[in-house]
Amino acid sequence: MISLSVAPLVLCFIARTTSLEPLLDKESNLKLAEFYSDCSSFDDHRLFGGHVCGDDGITYANVVYLSCINFWLPKEKEVKIAHKGPCLTNDTTTGDRRFKGRCLWSPIYKPVCGSDSKTYANIEALQCKNVINPELKLTVLKNGECSTKDPCVTAASHPAKGSDSVCASNGHTYAHIDQVRCLRNYHSSLDVVHSGGCSATEVTSIYPSRAEVCALAQGCFEWNPVCGRNNVTYINPYVFSCYAPHMEMKFMGECSDEKENACILAKIIESCGSDGLSHMTIYHLMCSSKKDKYLTWLHDGECSPDDDPCLQIMELQDEGQPVCGMDGVTYVSTNALWCISSRKDRRKYSACSKVKISNLSTYMMEAV
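Owing to the predicted nature of the structure, the values given are computational and were not obtained by experimental measurement. (Residues numbered from 1 in each chain as written. Predicted model: local features only at pLDDT ≥ 70, side-chain atom pairs only at ≥ 80, totals over all residues. Heavy atoms only, no water.)

## Side note on the overall build of the chain
At step 1: Per the secondary structure count, the chain includes 12 helices and 19 strands.
At step 2: For the chain, the proportion of its 368 residues judged to be buried stands at 48%. (Helix = DSSP H or I, 4+ residues; strand = E, 2+ residues; numbered from the N terminus. Buried < 20%, exposed > 50% of the residue type's maximum accessible area, 1.4 Å probe, protein only.)

## A word on the pattern of salt bridges
At step 1: Inspection of every chain in the model, using the stated rule, returns 3 salt bridges.
At step 2: The salt bridge partner of Arg-229 is Glu-248, with a shortest N-O separation of 3.7 Å. Remark: Glu-248 occurs in the loop between α8 (237-243) and β14 (249-252) and Arg-229 occurs in the loop between β12 (226-228) and β13 (233-234); sequence separation between them is 19 residues.
At step 3: Accessibility expressed as a relative area gives 44% for Arg-229, which makes it partly exposed. (Salt bridge = Lys/Arg side-chain N within 4 Å of Asp/Glu carboxyl O.)

## Describing helix α12 (residues 334-341)
Residues spaced three or four apart along an α-helix point in a common direction, a consequence of the helix completing one turn every 3.6 residues.
At step 1: In terms of residue burial, α12 counts as a mostly covered element, since 8 of its 8 residues are buried.
At step 2: Three or more residues of α12 are buried, namely Thr-334, Asn-335, Ala-336, Leu-337, Trp-338, Cys-339, Ile-340 and Ser-341.

## A closer look at the side chain of Asn-70
At step 1: In this structure, Asn-70 sits in helix α2 (residues 63-71).
At step 2: Judged by its relative accessible area of 3%, Asn-70 is buried.
At step 3: Polar contacts involving the side chain of Asn-70 include one to the main-chain amide nitrogen of Val-79, which spans 2.7 Å.
At step 4: With near-sequence residues (within four places) excluded, Asn-70 lies in contact with Glu-78 and Val-79. (Polar contact = N/O pair within 3.5 Å; in protein donor to acceptor, adjacent residues only side chain to side chain. Contact = heavy atoms within 4.5 Å.)

## What to know about the state of the cysteines
In a disulfide, the sulfur atoms of two cysteines are covalently bonded to one another.
At step 1: All told, the structure shown has 7 disulfides when counted by the stated rule.
At step 2: One disulfide bridge connects Cys-152 with Cys-182, the sulfur atoms lying 2.0 Å from each other. Residues Cys-152 and Cys-182 share a disulfide whose torsion about the S-S bond is about 100 degrees; that sign makes it right-handed. Taken together, the positions of Cys-152 in helix α4 (residues 151-154) and Cys-182 in helix α5 (residues 177-183) put the pair 30 residues apart, joining distant regions of the chain.
At step 3: On the basis of relative accessibility, which here comes to 26%, the residue Cys-152 falls in the partly exposed class.
At step 4: Across the disulfide, Cys-167 is cross-linked to Cys-198 (sulfur-sulfur distance 2.0 Å). With the S-S bond torsion at 100 degrees, the cross-link from Cys-167 to Cys-198 turns out right-handed. Here Cys-198 lies in the loop between β11 (192-195) and α6 (200-206) and Cys-167 lies in strand β9 (residues 166-168), a separation of 31 residues in the sequence.
At step 5: When its relative accessible area of 2% is taken as the criterion, Cys-167 is described as buried.
At step 6: Residue classification places Cys-198 among the buried positions, given a relative accessible area of 1%. (Disulfide = S-S within 2.5 Å.)

## Some details on the nonpolar core
At step 1: One finds Phe-35, Tyr-36, Phe-42, Phe-48, Val-64 and Trp-105 to be the most contacted residues of the largest nonpolar core, which totals 37 residues.
At step 2: For this core, the elements supplying multiple residues, two or more each, are α1 (26-35), α2 and α12.
At step 3: Looking at this core, the element that brings in the most residues is α2, giving 7 residues. (Core = buried A, V, L, I, M, F, W, Y, C linked by side-chain atoms within 4.5 Å.)

## Regarding unusual backbone geometry
Most peptide bonds are trans, and most residues other than glycine sit at a negative phi.
At step 1: Of note in this structure, Ser-117 is not a glycine but carries a positive phi near 60 degrees.
At step 2: Within the fold, Ser-117 resides in the loop between β6 (112-114) and β7 (119-120).
At step 3: One non-glycine residue, Lys-137, lies in positive phi territory at about 50 degrees.
At step 4: Secondary-structure assignment places Lys-137 in the loop between α3 (123-132) and β8 (140-143).
At step 5: Judged by its relative accessible area of 68%, Lys-137 falls in the exposed class.

## Looking at the sheet that holds β11
Backbone hydrogen bonds are what pair the strands of a sheet, in a parallel or an antiparallel way.
At step 1: Reading across the sheet, the 3 strands line up as β10-β9-β11 and stay open at both edges, with antiparallel pairing between neighbours. This sheet does not close on itself; its edge strands, each paired only once, are β10 (173-174) and β11.
At step 2: Here β9 runs beside β10; their pairing, made up of 2 bridges, is antiparallel. Note on β10: the bridge partner recorded for Val-166 is Tyr-174. (Pairing = 2+ DSSP bridges.)

## Quick word on the confidence of the model for the chain
At step 1: In this model, the chain carries an average pLDDT of 74, and 74% of its residues clear a pLDDT of 70 or more.
At step 2: Here strand β1 (residues 11-15) stands out as the element of the chain with the lowest mean pLDDT, 30, in contrast to α6, whose mean of 92 is the highest.
At step 3: Counting contacts from residues 90-100, a segment whose pLDDT is below 50, to residues more than four positions away or on other chains yields 26 contacts. (pLDDT = per-residue confidence, 0-100.)

Structure below.
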């Protein structure tokens, strides 16, 4: 770990059509300080596209490792990239370079639209593309994605059942967030409450009258199953509340739901998850995946240092695959989120509980 007495400083960039200007971003600075707390985590040439040569004639494991080192250095001492790949025998601090520049990487998703009409995960991704491919001379056309599809069109392509369902403020469960975005055109106050279906408790709090909930049960089809204490699956909270008003709910989901039953079962088989955490049993891991739909099984047994999500981040991606953390920050990928959370309290991360409609395009899903 690199530890210096200077205060950590990170430069973000604000885009104009002809240049990129440095801008101090306090929020990003704090998040990157967490991410770059241990540079040795990135000292692996198998990550992020492999070796790069610094203008100091030293070969660095990858651009993120060099970015981490630069993060803790004063600006005047930062090392710039001379070229991709290991340094050559004639690489010195002077002389010709195939390209030369400062290549940062950020785990935080703040999309920008490049002059090539391509969406980049953040300004750092675009800047790094310029460093590696200077002939492109990319600039930023605008903040945000280059284009967005009509949510009313994309909403129709999502299945009635799936892991992308969301609970809206009207007590209805929608198969995909795009359906809520579409309805916002006609119901501006409609909002997303959380990922996953609305619970029976939430529905009855919005529709306390049994007459109301029965009207919905008879006139509104929605696949959002409820398992009653009698081990009968009801297709949604309306049917459950209407036809079994005194029945205790066992859990949300089908009574045969493997993930939910996994929360109850107990077999001592320690399992390693894709979040880099060792789970007491495979059932504990499956249970945790109810709150984090991206969580998957890696292997039986305790996780090893090689399972650290910081080491599983794929080679640099321009656009990213954004997910939203419970801290309200959108990250460029699930591994970036897990990597950050491994240095923080895990309970604050892994799934959004409530997100305002203005940020729907990055809510627990790939960018639309």
